[in-house]
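Here is how the chains run, residue by residue.
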Amino acid sequence: MTVSEDVCTEAAGVKVVSTTTADTMAVGTAAQELHLKRGEFAIAVHLGLIRLIVRQDGGRPRVGHDELDRLRAQEGFPEALRARVRTVGTAKGAQQLGISPDRFTRLARAGCFTPITFYLNRYRAIVWLYLADEVAGFAARESRLLVGRSPAWLLGRLEGGADCRARNWRSRRVERLLSLTEDPWARAAVLAETLDPVQLAEVIDDPYERAYLARIRPEPAFGPTGPPLARETMAHLMRADEPDEMLWRRVSLIMELDNARETRPAPSPGGEWREFEPPGDGRAPEPNVRADARSVPADSAPDPASFSVPVPDHAAVPVPVVGSRYGSGPDSVHVPTGVAEPALGLLARIGLRRRVSKATGRQRPGRGRAPYDT
């Protein structure tokens, strides 16, 4: 039994309208009307050949009747549409190029062409599929790679154990999802999916932000269906697995998060920011004279008046509204604490430089480094 992949589309990237249900249809019904299989329809959505819409009251993406009319009016429908989303595996791809399946696999591992989707066979092995049009285009551009001895760069890449299929598929998918939306939080959710939970926690300290990104992550056009094994495989393939790619994804996520936090903060539990008032009149608390007096002999106890603490001028400044730790409201005022609060640089946030604690001003050991004494 095979388990196929549903190519995802992001709800935030499709057109949002106030149309009624009568003007649209479910994606499953639309696939039947367009004479497309489930996987072919998902690929068409991923390639931008079919536009989905989302109602303002939420729900899964749907397809408008006007979109179906547009596709039906195209020349050569439905054969032309099906030809654009037709995929081939290793055997059919090699037959199309007139080469052996082994040579086709080596070209794919070297990154000569990019998979569009995959499925799991009965042995739970990943079987990559490629667009037939792209395979034909590669044969027209790089015909010299199909015959004779392979060039040195290709042999060196394969001898080094390179396999670019998962990375190329992931890059293609991420770029497509990013092109579907301009919302910075939705874009950050796409990039967050490329990091494992440990790395994601290193980049995003706030658990509420991580929960928000997980809630708005892209979903398949047909909904989160399929067996758990297929979903686990999809999540595993979406994560960067090479050092240079992981570094690039971390940097991209940090830049997108900075933009998102400037646009609006992530919602807090309950959707409201809480306001904390300073105790009493906002002045510094007086020490517990009785408790201090018990710790010294009675004849040497100091005068309680000597425990008075001078209050700095800034102690009476109102405490700002507490929101996200990355920013306050427009009316908030920064309260000096007397302790240096250095800002974390980009290198520290991606793990290449030791972090600096804002509370103590001491450096924290970076990932994989032993702590040291200051």
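Bear in mind that the values here come from a model prediction, so they are computed numbers and not experimental data.

Draft legend 1. View of the pattern of salt bridges. Summed over the entire model, instances satisfying the criterion amount to 19 salt bridges. We note a salt bridge from Asp 102 to Arg 106, for which the minimum N-O separation is 3.3 Å. Of this pair, Asp 102 and Arg 106 both sit in helix α6 (residues 101–109), separated by 4 residues, roughly a single helical turn. Of the residues examined, Asp 102 reaches a relative accessible area of 52% and is grouped as exposed. For Glu 256, the salt bridge goes to Arg 187, with nearest N and O atoms at 3.3 Å. Of this pair, Glu 256 sits in helix α14 (residues 243–263) while Arg 187 is found in helix α10 (residues 184–192), placing the two residues 69 residues apart along the sequence. Judged by relative accessible area, Glu 256 falls into the buried class, the value being 12%. Through salt bridges that share partners, Arg 167, Arg 170, Asp 241, Glu 242, Asp 244 and Glu 245 make up one connected network.

Draft legend 2. Molecular detail of the packing of helix α5 (residues 90–97) against α6. It is the contact of α5 with α6, at a shortest axis distance of 8 Å, that shows an interaxial angle of 100°. Taken as axis vectors, α5 and α6 run roughly perpendicular relative to one another. Note on element contacts: α6 touches α5 through Pro 101, Phe 104 and Thr 105, opposite Thr 90, Gly 93, Ala 94 and Leu 97. Considering only residue class, the contact of α5 with α6 consists of 4 nonpolar, 3 polar and no charged.

Draft legend 3. Layout of helix α9 (residues 165–179). Between its first and last C-alpha atoms α9 spans 21 Å; for 15 residues at 1.5 Å apiece the expected length is 21 Å, and the two agree. All of the buried residues along α9 are Arg 165, Ala 166, Trp 169, Arg 170, Arg 173, Val 174, Leu 177 and Leu 178.

Draft legend 4. Quick look at the side chain of Arg 170. Of note, Arg 170 is situated in helix α9. A relative accessible area of 1% means that Arg 170 is categorised as buried. A polar atom in the side chain of Arg 170 sits 3.2 Å from the backbone oxygen of Arg 239. Among all residues touching Arg 170, those that are not within four sequence positions of it are Leu 237, Met 238, Arg 239, Ala 240, Asp 241 and Glu 245.

Draft legend 5. Region of the structure containing the confidence of the model for the chain. Per-chain confidence: the chain averages 75 in pLDDT, with 63% of residues scoring 70 or above. Segment residues 304–342 is flagged for pLDDT under 50; beyond a separation of four residues in sequence, or across chains, it makes 47 contacts in the model. For residues 356–374, every residue scores under 50 in pLDDT, and the model assigns this stretch 31 contacts once sequence neighbours within four places are set aside.

Draft legend 6. Spotlight on the state of the cysteines. As enumerated under the stated definition, the model contains 0 disulfides in all. Summary of cysteine pairing: Cys 112 is not part of a disulfide, and the nearest cysteine sulfur, belonging to Cys 164, is at 8.8 Å.

Draft legend 7. View of the packing of α10 against α14. One can describe the packing of α10 onto α14 by two numbers: an axis separation of 8 Å at closest approach and a directional angle of 160°. In this view, α10 runs roughly antiparallel relative to α14, as classed from their interaxial angle. Where α10 crosses over α14, the two elements pack in a sense that is left-handed. Where α10 abuts α14, its residues Pro 184, Trp 185, Arg 187, Ala 188, Leu 191 and Ala 192 lie against Arg 249, Ser 252, Leu 253, Glu 256, Leu 257, Asn 259, Ala 260, Arg 261 and Thr 263. Class assignment of the residues belonging to the contact of α10 with α14 gives a composition of 8 nonpolar, 3 polar and 4 charged.

Draft legend 8. Highlighting the nonpolar core. Of all hydrophobic cores here, the largest spans 47 residues; its most connected members are Leu 107, Phe 113 and Leu 253. Once you skip the residues sitting within four places of it in the chain, Phe 113 turns out to touch Leu 97, Phe 104, Leu 107, Ala 108, Tyr 130, Phe 138 and Asn 168. One finds Val 27, Phe 41, Val 63 and Ile 116 within the second-largest nonpolar core, a separate group that totals 20 residues.

Draft legend 9. Here's a closer look at the side chain of Glu 245. Assignment of secondary structure puts Glu 245 in helix α14. The class of Glu 245 is buried, set by a relative accessible area of 3%. Looking at Glu 245, its side chain comes within polar contact range of the side chain of Arg 170, at 2.8 Å. Discounting residues that sit within four places of it in the chain, Glu 245 has contacts with Arg 167, Arg 170 and Ala 240.

Draft legend 10. Molecular detail of α10. For α10, a buried count of 8 out of 9 residues is recorded, marking the element as mostly surrounded by other parts of the structure. Those residues of α10 not exposed but buried are Pro 184, Trp 185, Ala 186, Ala 188, Ala 189, Val 190, Leu 191 and Ala 192. As for α10, its buried residues are in contact with α9, α11 (197–203), α12 (207–215) and α14.

Draft legend 11. Broad picture of unusual backbone geometry. Each neighbour pair has its own omega, and for Phe 77 with Pro 78 the value is 0°, a cis peptide bond. Along the chain, Pro 78 turns up in the loop between α3 (65–72) and α4 (79–84). Within the chain, His 35 stands out as a residue other than glycine whose phi angle is a positive 60°. Locating His 35 in the fold gives a position in the loop between α1 (27–33) and α2 (38–46).

Calculation rules
Residues numbered from 1 in each chain as written. Predicted model: local features only at pLDDT ≥ 70, side-chain atom pairs only at ≥ 80, totals over all residues. Heavy atoms only, no water. Salt bridge = Lys/Arg side-chain N within 4 Å of Asp/Glu carboxyl O. Helix = DSSP H or I, 4+ residues; strand = E, 2+ residues; numbered from the N terminus. Buried < 20%, exposed > 50% of the residue type's maximum accessible area, 1.4 Å probe, protein only. Axes fitted to C-alpha atoms, helices over the stretch in contact; angles between N-to-C directions. Parallel < 35°, antiparallel > 145°, perpendicular 65-115°, else oblique. Contact = heavy atoms within 4.5 Å. Nonpolar A, V, L, I, M, F, W, Y, C, P; charged D, E, K, R; others polar. Expected span 1.5 Å × (residues − 1). Polar contact = N/O pair within 3.5 Å; in protein donor to acceptor, adjacent residues only side chain to side chain. pLDDT = per-residue confidence, 0-100. Disulfide = S-S within 2.5 Å. Left-handed = near helix turned anticlockwise from the far one by under 90°. Core = buried A, V, L, I, M, F, W, Y, C linked by side-chain atoms within 4.5 Å.

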